[in-house]
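Summary of structural features
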Amino acid sequence: MSQPAADKPASDKPVMGILERRRIEAEILKPVYEEMAARIGEALAQEILGAAITKAALAAASAFAATEPDGTSLNSFADLQHLWTKDDALRIEVKRRDDTHFDYDVTRCRYAEMYRELGVGHIGHLLSCNRDAAFCTGYDPRITMERTQTLMQGADRCDFRYRFEAKGE
């Protein structure tokens, strides 16, 4: 599987895991968010942060998709999962994986744990969870995601259900 140039190591150094990347981002965004919230209120600050993170997720997904030599599919999308689980960031139980379904539950989310430790648990869903559906769209609009609960927002698991519809093929 190819990775976007920005995620490829310049030498033999290992690529930074997404968990560590999100920690660095959260440390940078925390004071920015707090300043926005103090000046314009929590609701508008969250709306702005959410919109910016969604745009970033779309761009990142598009970059990943551009590196797929055989084009995108649900399988190529599922093959990226190791980037999010690296460093034991997520513990998942795969329920179904085939050409049209990729279903799994997350039973431990170190992203949620980390955001709480950093004091940004109340916006953790904006920093991570809300990226997921946008990432699908940016990677391949034929992939949709349904999730009814998250660990980030207090559930006992996250339920990811991805579907692939080969429209017009």
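Residues numbered from 1 in each chain as written. Predicted model: local features only at pLDDT ≥ 70, side-chain atom pairs only at ≥ 80, totals over all residues. Heavy atoms only, no water.

**Considering a nonpolar patch on the surface**
- A contiguous nonpolar surface patch, about 260 Å² in accessible area, is contributed by M16, I24 and I28.
- Assessed through its relative accessible area of 55%, I28 is described here as exposed. (Patch = residues over 30% accessible without salt bridge, like charges linked within 9 Å, V, L, I, M, F, W, Y side chains within 5 Å. Areas by Shrake-Rupley, 256 points an atom, 1.4 Å probe, with all protein chains shown as cover. Salt bridge = Lys/Arg side-chain N within 4 Å of Asp/Glu carboxyl O. Buried < 20%, exposed > 50% of the residue type's maximum accessible area, 1.4 Å probe, protein only.)

**Digging into the sheet that holds strand β2 (residues 101–109)**
- If you trace the four strands from one edge of the open sheet to the other, you get β1-β2-β4-β3, paired in antiparallel fashion. The open sheet has two free edges, formed respectively by β1 (90–97) and β3 (143–146), since each of these has just one partner strand. Across the sheet, the mean angle separating the axes of adjacent strands is 20° when strand polarity is ignored.
- Both β2 and strand β4 (residues 158–164) contribute to a ladder of six bridges, which runs antiparallel. Paired with D103 across the strands is R161, a residue of β4.
- The strands touched by helix α5 (residues 110–117) are β1 and β2; relative to β2, the strand with the most contacts, the crossing angle is about 40°.
- In the packing of helix α7 (residues 131–139) onto the sheet, the strands contacted are β3 and β4, and the crossing angle to β3 comes to about 170°. (Pairing = 2+ DSSP bridges. Helix = DSSP H or I, 4+ residues; strand = E, 2+ residues; numbered from the N terminus. Axes fitted to C-alpha atoms, helices over the stretch in contact; angles between N-to-C directions. Contact = heavy atoms within 4.5 Å.)

**As for the packing of helix α1 (residues 18–40) against helix α2 (residues 42–66)**
- At a minimum axis separation of 7 Å, α1 and α2 run at an interaxial angle of 140°. In terms of their interaxial angle, α1 and α2 are classed as oblique. At the point where α1 passes α2, the crossing takes the right-handed sense. Judged by residue contacts, L29, Y33, M36, A37 and I40 of α1 engage E42, L44, A45, Q46, I48, L49 and I53 from α2.
- Class assignment of the residues belonging to the contact of α1 with α2 gives a composition of 10 nonpolar, one polar and one charged. (Parallel < 35°, antiparallel > 145°, perpendicular 65-115°, else oblique. Left-handed = near helix turned anticlockwise from the far one by under 90°. Nonpolar A, V, L, I, M, F, W, Y, C, P; charged D, E, K, R; others polar.)

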